[in-house]
Structures are given as C-alpha cells and as structure tokens.
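# Structural overview
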Amino acid sequence: MRWPWPDPRAAALLAPLLMTAAPAAVARPDAATLYSQRCAACHGAERLGGRGPALLPENMGRLRPPQAGAVIARGRPATQMPGFADTLSPPEIEALTAFIYSPAPPDLRWGATEIEETRSVLVPPERLPARPVFDADPLNLFVVVETGDHHATVLDGDRFAPIHRFPTRPALHGGPKFSPDGRFVYLMSRDGWVTKYDLYSLQPVAEVRAGVNSRNVALSSDGRFVAVANYLPHSLVLLDAGDLSVKRVVPAVALRGGATSRVSAVYDARPRRSFIVAMKDIPEVWEVSYDDNAPPVYTGLVHSHEKGMVEGLAASAGLFALRRIAVEEPLDDFMFDPPYRSLLGSAREGGRTVVVNLTVGRPVATVPLEGLPHLGSGITWMREGRRLLATPHLKEPQVSVIDMANWGVVARIPTDGPGFFLRSHERTPYAWTDSMMGGPGARDTIQVIDKRSLEVVRRLRPAPGRTAAHVEFTRDGRHALVSVWEDDGAVVVYDAESFEEVARLPMRRPSGKYNVFNKITLSEGTSH
Ligand code: DHE
C-alpha cells in the first residue's frame, strides 16, 4: 500500500515477456550498467531516489519483484515512469528487477552533511501572514492525507468543506504532527522527506530529507525539535522545528556489542519532555531528553537480570541526554498511559506485550494479548473509576480491553474481522473501529463500541463492498469522519450520536485524517 504501483495483477502482463526465452548463448545482462543508463537519472546513482522514488528493498514496501518487473516493463500510469518493454529484453528487465532488490550499499552515508544538502527553506518566517488566509476555525481543521494521488486536503471541520488541496511527497506514512499552537504541520514520506507546512497561509515553508527510508516523526511538546526515526540508515535524526536544520544525528547502536538497529518509531512524551524511541533490532528502548535542564541520567542504564541490579555506565545531562532502557527482546509498536509512566510494546517474535515502567526504567509486567495487537492504535478512557486501554488486533477479529491498574484483560470484544485503527473522543461514549484486515465481507464495516457496556452497539457500512477505515472526531466530538479507503474513495461524516450520515466528500484513498485541536490537546481517544 505504500506506492501507487499498478494493480498486482499487472505482474501477469510481464509473464509472457519473461517467458519469451532468450537465446541460450546470450551473456547475462549487466544490471549495474543498465541501471546507470536507464534508471539513475531519476532514481539516483546509488538508488537513493531523486525525481523518482528510492529503489532499495526497504523502500519497496509490499511491492514484490514480479510487480516491480511489470512496472519496469509497462511503466506506471499517471507518473513520469515510462515502460521499457520496447527497449529492454525480458532478461534485462529481470536483471534490473533483481538489482533493485539487492541490499543498499554497505557504505551508505546519510549524515548531517547529506541531510543539510537537501534542505530548503521555501518561505522565511517574516513573509508569513499573522492570521489564516481563510475564514474557518484554525483549530478545527483536519489534514486529510490522500495516498491515492499523493495529496493532502485541508478540511474545515465545521462546514465539512475542503479549504485547500496540495501535492505531497509520495507515500506519506504515520500521523502528521502539529506545532503546539496548531499552525504548522509536519508531514513525512517513507523516502525520508520531512515537509513543514503552514496551515495559515496554506503553503509548504521548509523541507529536508532526513533519511533514506524513514518510519515516522515526532514533534517535541515545546515545538522546538522534530525527531525522525529511520530504517535507512540506522539513525535517529533531531531537527530544528523552525527551519528543519540538523541538530543531531544519533546512530542507533547498541550499548553492548556495537550492533546497529533500525529505528521503528519515535514518540513525544510530553510530561517527560523527552522522545521515546523504539528499536527494531536491539533489546533497548531509548529516551532522549529535550529538556535543557534535564537532570543527569546514566547513558548506559542497564537492568541486569542476572545480578538483579542496575548498572550506571556514564552520566549525561541536559539537552539530548540519552537514557537506555534494557528489555529482554526488541519491542515495537508502542502505546503509553496518559502520564507517560508506562509504555506497552509488542515483542513480535515472542508474541508478547510487555509493560515497561519508564520511571524505574525496566519491564514490570506482561499482558496476555495474542493475535498481533496494534498498540499504536490503542486508546484509553475511565470506566467506573478505572482506566481502561483498548486495542484492535491485526490478526484476530476482536478488540481487547485491559485494566491499566493490574494489566488484566477485562473484555475481548468480538468484531467482524481483524482491525487496524480504533478511535474515540472524551465527549463521546463510543469508540469506533474497523475490520480492514479482514475478508471482503468484513472490510467495509465500522463497528461502534459502547465504552460503558464494552459491546458493539452499531455497525456502519459507508460504502458496501469497499474498505472502510480510520476514524477521527471533530474537536467537539460531535462528528466522526470515516475513510472509504479506496482510490476513488471518500471521507464520510457521521453524527457521532445518531450515526446518521451528514456529508460525503470524494477523496483519493484518504489514508488518515488528523484534527488540529484533538492532536495538540492530546485528546483521549486519538493518536498523538
Ligand atoms: Fe503504519 C502510523 C508502523 C503499515 C498507515 N504506523 C504508524 C505508526 C507506526 C506505524 C509506528 C505510528 C507513527 C506515528 O503516527 O507517528 N505501519 C507501521 C508498520 O510497522 C507497518 C505494519 C508496516 C510498514 O510497512 O511500516 C505499517 N501503516 C501501514 C500500512 O500498510 C498503512 C495501513 C498504509 C500506509 O500508508 O502505509 C499504514 N500508519 C498508517 C497510518 C498511520 C500509521 C494512516 C497514522 C495513524 C494515526 O491516525 O495516527
């Protein structure tokens, strides 16, 4: 779903070409030369991208080699990617396909110098207007990311009318992040581009490529820094949120043994004035302070299970002080309790969910959640004096509800299929979830769960037979916006109490929508 490649069935188009046997004595095509002749101008000499996307295995997403071969042969509609079937033989196309799936160069460098070279300030702050150039509540705007044709729409959340639509870098991923006053939004593409966009004047103001393959961004709660999590290279990049200049590139290296790691994601922990960093390949969770006066922490805080003690290696303090929390196995897909004292992470290999107490810096509990809980979509709320946490599962047709006081399972709410997103708002008694990971009979259904009875009380089908997913509420919680997640899709607005449809706005695969007010106030039922 990352790139708008043609339908996977396009691979079938290539099959006859590949089956046209080349003469037996023909030499093997020289893929590197072919690449530099045919591809490098757009995709970069090192395959790091340029006018076209990066062509490295990490950047291919779910595109498998047969489909990539079909793209090389036939081109990609609605883009500048031409087809090469007339000029390259099937073995040459096959060799090129293998070449772009070969690992990234081992000496790949994307440090401060390379990042800085890509940076541009498009509009200096003094040229920005003091007030919005439109007549709408700037805090009740939605930014809708449309991955169908790589655009974003700025939507008036009172009138449900688009204000502006603008092109984005291809394949945005993760939630856009807003400055504390809600004026600027930071968008990130899987190719590592970070764009700062001014919602008052409706224009991009700065851009930089912080990674070659990136996961997500977080904005510090004081609005000073943008943190970027990278798969390629293995690094966490800290940018100045004003002009996107590089403040620090932190290589993701394990404390012991020197192994490097992909950085899965980075999160802002507002009450702690720090970023929490998930590591894909090493058993550590990092906390990077953005407090100028952060007290000393041990740069190598390690919980030793054998010795039952904590070893302090070297102390650092202040801005960007790094604290490492040792866990038994790499943890992914985080969620937090509201005060950011507890972190829940999934240990993908062991199928376990681990609770890490961030105050003492070590794992304190495990939660019985099988079937790949999607903690990143988890929400919490108070019920009968207890804080509950709920999460959908990517592989089980249910929403699990956990008591955060004792980490026990309170309920497993059956749904029509495995889901991806779950949303609510402090002013509604309902939580809305999808079944988009389910079969054709389930994918089109949004289920409304009563947060009091913990039961599904309503099923909505915004477009029967078409995938429905990702809900976000208006700032007052009175309306819920649902995506029809198709290329010719829509955002459908529902009254959150009567469940009546209020508006339907055509959109190109609206993958997510983000309400300014709910994000900057850390609304209880949404992602942060
Ligand atoms: Fe996402 C958020 C990880 C695949 C759409 N996704 C996130 C976040 C993480 C994450 C860590 C939270 C970051 C944030 O918002 O700051 N996503 C992953 C994966 O590991 C996974 C499973 C595999 C991968 O390819 O990276 C994955 N994600 C997908 C998709 O296939 C989705 C459905 C389509 C797409 O665009 O790639 C997808 N992810 C999203 C969306 C959000 C997201 C729309 C923001 C949700 C929100 O409302 O905040």
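Residues numbered from 1 in each chain as written. Predicted model: local features only at pLDDT ≥ 70, side-chain atom pairs only at ≥ 80, totals over all residues. Heavy atoms only, no water.

## Some thoughts on the domain arrangement of the chain
Keep this limit in mind: Domain segmentation is taken from an automatic or database assignment of domains.
Entries for the chain in the domain assignment read domain 1 (9-100) and domain 2 (369-528). Here the C-alpha centroids of domain 1 and domain 2 sit 40 Å apart.

## What to know about the sheet that holds strand β23 (residues 352-357)
Two strands in a sheet stick together by hydrogen bonds in their backbones, pointing the same way (parallel) or opposite ways (antiparallel). Note the cut-off: At least two DSSP bridges between two strands are needed for those strands to be called paired. Secondary structure elements follow DSSP: runs of H or I no shorter than four residues count as helices, runs of E no shorter than two count as strands, and numbering proceeds from the N terminus. Each axis is a line fitted through C-alpha atoms, and for a helix only the stretch in contact is used; angles between axes span 0 to 180 degrees, taken between their N-to-C directions.
In space, the four strands of this open sheet follow the order β21-β22-β23-β24, with antiparallel pairing throughout. Edge positions in the open sheet fall to β21 (332-336) and β24 (362-367), since each of these has one partner strand only. Neighbouring strand axes in the sheet, compared pairwise and without regard to direction, differ in orientation by 30° on average.

## Points about the coordination of the iron atom of the ligand
The cut-off we apply is this: Coordination here is defined by N, O and S atoms within 2.8 Å of the metal (3.2 Å for Na, K and Ca), and since water is not considered, a site can look incomplete.
No other protein atom reaches the iron atom of the ligand as a donor apart from H173 (NE2), found 2.2 Å away. In this structure, H173 sits in the loop between β4 (161-167) and β5 (177-178).

## Section: the sheet that holds strand β30 (residues 430-434)
Spatially, the four strands line up as an open sheet ordered β29-β30-β31-β32, and their pairing is antiparallel. Each edge of the open sheet carries a strand with a single partner, namely β29 (422-423) and β32 (455-460). Relative to β30, β29 runs antiparallel, the two sharing two bridges. Its bridge partner lying in β30, L422 is registered against T433.

## Structural notes on unusual backbone geometry
Between L232 and P233 the backbone carries a cis peptide bond, its omega angle lying at -10°. Topologically, P233 is positioned in the loop between β10 (225-232) and β11 (235-240). If you check the backbone angles, H150 has positive phi at about 55° while not being a glycine. Tracing the chain through its elements places H150 in the loop between β2 (141-146) and β3 (151-156).

## Focus on the pairing of strand β7 (residues 193-198)
Worth spelling out the cut-off: Relative accessibility thresholds used throughout: buried, under 20% of the residue-type maximum; exposed, over 50%; partly exposed, between the two (1.4 Å probe, protein chains only).
Where burial is concerned, most of β7 is hidden: six out of the six residues are buried. Where burial is concerned, the two faces of β7 agree: the one with W193, T195 and Y197 and the one with V194, K196 and D198 are both buried. Two strands pair when backbone bridges link them, and strand β6 (residues 184-188) and β7 are joined in this way by five bridges, in the antiparallel orientation. Across the sheet, the residue bridging to M188 is V194, located in β7. Strand direction decides the pairing type here: β7 and strand β8 (residues 203-209), joined by six bridges, are antiparallel. Considered in β8, the bridge of W193 is made with R209. Here β7 hands over to β8 after four residues, with L202 in that stretch at a positive phi of 60°.

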